[in-house]
Amino acid sequence: MPEPRPVTEIRTVACIGAGVIGAGWAAYFLARGLRVRAWDPAPDAGEKLRRVVDAAWPALTELGLAEGADRDALSVHPTAAEAVAGADFVQESAPEDLELKRALLSELADAAVAAGPDVVVASSTSGFPMTDMATTAAEPGRLVVGHPFNPPYLIPLVEVVGGEKTEAWAASRAADFYRHIGKSVIEMERELPGFIANRLQEAIWREALHMVAAGEATPEEIDRSITDGPGLRWPVHGPCLTFHLAGGQGGMAHMLDHFGPSLKAPWTRLEAPELTPQLRDDMVAGAEVSAGGRPMAELVAERDRAVIAVRRAVAAARGTAR
């Protein structure tokens with residue numbers, strides 16, 4: 001193919017799927033001064049999408065809008081193909097249904113070819129490898145995973161990885177584009193079910209469910225054990241560097257040599273517990289206790305303010321831009 005255009009020339013993004021993730025992506029793209037062409041099969045998708053964008057805009061304004069950022073630079077189209085037709089980049093955020101993803105990505109790949117020779121289709125899938133999703137696509141070379149963390153307008157991480165038939169230029173272009181618009185990008189060298197961040201998050205989630213099911217801890221205690229414990233260290237150094245510091249002057253070597261045998265201790269229950277009706281009810285009741293009767297909008301606003309404050313505090317401690 002011809003040399004791709006610089007990612008600085010990507011001015012319009014098609015957001016396919018306007019649920020929580022897709023709408024969050026749309027808000028972020030708009031805040032970075034891009035135009036957004038959206039499609040979702042729900043009849044009220046446009047109305048819901050604009051509500052999410054409006055709700056996210058104060059946080060995005062607090063973080064700093066790009067020149068030309070306009071939440072009204074958003075259009076909703078009757079078909080996915082029409083949304084892609086005027087786009088320079090495509091972000092797919094459909095539900096996590098493998099057959100649905102296969103059919104939709106096949107359609108989007110064809111539409112991307114028609115839109116331009118360097119238009120990449122990135123999937124927000126939270127767990128499916130692109131090799132599995134691209135099996136029916138006639139043009140799989142431009143299909144790549146661009147996995148964000150919720151909410152995409154606030155959390156900077158994006159994990160990028162191609163499938164067996166993804167062309168190298170497509171994965172590189174997606175990664176370069178995300179970096180250009182301010183994301184923190186991990187370019188994975190190989191496909192991994194669940195990617196990196198979700199694998200780690202799910203391990204904690206499984207342990208939490210086991211403890212609640214066994215009556216060993218409540219959801220509120222589990223949340224506080226993270227927010228008032230290791231969660232305070234992880235935004236700065238992450239779990240590996242945190243354990244390196246725990247080893248004192250001996251660092252990670254001392255940590256592994258000293259505490260390595262305890263890894264065999266029967267603490268963990270990594271296999272998922274059975275989601276019984278009782279466990280479900282206990283988790284729902286526990287979440288309601290933690291929420292304290294506050295509406296979802298208030299909780300979202302609280303989260304957004306706190307994440308912005310954490311990001312700024314960490315950036316200031318490192319002496320870097322926020």
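Up top you'll find the structure we're talking about.
Caption draft 1: Examining the packing of helix 9 (residues 234-246) against helix 10 (residues 251-259) more closely. Contact pair helix 9 / helix 10: the axes reach a minimum separation of 6 Å and the direction vectors enclose 85°. Looking at the two axes, helix 9 sits roughly perpendicular to helix 10. The segment helix 9 lies against helix 10, with Cys 240, Phe 243, His 244 and Ala 246 engaging Gly 251, Met 252 and Met 255. Across the contact of helix 9 with helix 10, the residue classes break down as five nonpolar, two polar and no charged.

Caption draft 2: A look at the layout of surface pockets. The computed volume of the second largest pocket comes to approximately 410 Å³. If you trace the second largest pocket, you find 17 residues lining it, with Val 52, Ala 55, Tyr 153, Val 300 and Arg 303 closest to the centre. Broken down by secondary-structure element, the contributors of at least two residues to the lining of the second largest pocket are helix 2 (45-63) and helix 12 (296-318). Here the lining of the second largest pocket is built from residues that sort into twelve nonpolar, one polar and four charged.

Caption draft 3: View of unusual backbone geometry. A cis amide bond links Asn 150 to the next residue, Pro 151, at an omega of -5°. For Pro 151, the position within the fold is in the loop between strand 6 (143-148) and strand 7 (157-162). Phi at Phe 195 takes a positive value of approximately 60°, unusual for a residue other than glycine. Its location among the elements puts Phe 195 in the loop between strand 8 (184-187) and helix 7 (197-213).

Caption draft 4: Just the environment of Gly 46, in detail. Topologically, Gly 46 is positioned in helix 2. Counting along the chain gives 175 residues from Gly 46 to Glu 221, while the straight-line C-alpha distance between them is 39 Å.

Caption draft 5: Quick peek at helix 1 (residues 20-31). The end-to-end C-alpha distance of helix 1 is 17 Å, a good match for the 16 Å that twelve residues give at a rise of 1.5 Å each. Among the twelve residues that make up helix 1, ten are buried, leaving the element largely enclosed by the rest of the structure. For helix 1, the complete set of buried residues consists of Gly 22, Ala 23, Gly 24, Trp 25, Ala 26, Ala 27, Tyr 28, Phe 29, Leu 30 and Ala 31. Note on helix 1: the residue one or two positions beyond its end, Gly 33, has a positive phi of about 85°.

Caption draft 6: Looking closely at the nonpolar core. The biggest cluster of nonpolar side chains holds 43 residues, and the ones touching the most others in it are Phe 29, Phe 89, Phe 177 and Tyr 178. Contributions of two or more residues to this core are made by strand 1 (12-16), helix 1, strand 2 (35-39), helix 2, strand 5 (120-123), strand 7, helix 6 (168-180) and helix 12. Ranked by the residues each element gives to this core, the list is headed by helix 1, at eight residues. Among residues more than four places away in sequence, those in contact with Phe 89 are Ile 10, Thr 12, Val 13, Ala 14, Val 119, Val 120, Ala 122, Ala 174, Phe 177 and Tyr 178. If you look at the next biggest cluster of nonpolar residues, it comprises 26 residues, including Ile 16, Ala 83, Val 119 and Val 161.

Rules and cut-offs
Residues numbered from 1 in each chain as written. Predicted model: local features only at pLDDT ≥ 70, side-chain atom pairs only at ≥ 80, totals over all residues. Heavy atoms only, no water. Axes fitted to C-alpha atoms, helices over the stretch in contact; angles between N-to-C directions. Helix = DSSP H or I, 4+ residues; strand = E, 2+ residues; numbered from the N terminus. Parallel < 35°, antiparallel > 145°, perpendicular 65-115°, else oblique. Contact = heavy atoms within 4.5 Å. Nonpolar A, V, L, I, M, F, W, Y, C, P; charged D, E, K, R; others polar. 1 Å grid on protein atoms, 1.4 Å probe; cavity = no way out; pocket = protein on both sides within 12 Å on 5 of 7 lines; lining within 4 Å. Points joined across faces, edges and corners; volume = space filled by probe spheres on them. Expected span 1.5 Å × (residues − 1). Buried < 20%, exposed > 50% of the residue type's maximum accessible area, 1.4 Å probe, protein only. Core = buried A, V, L, I, M, F, W, Y, C linked by side-chain atoms within 4.5 Å.

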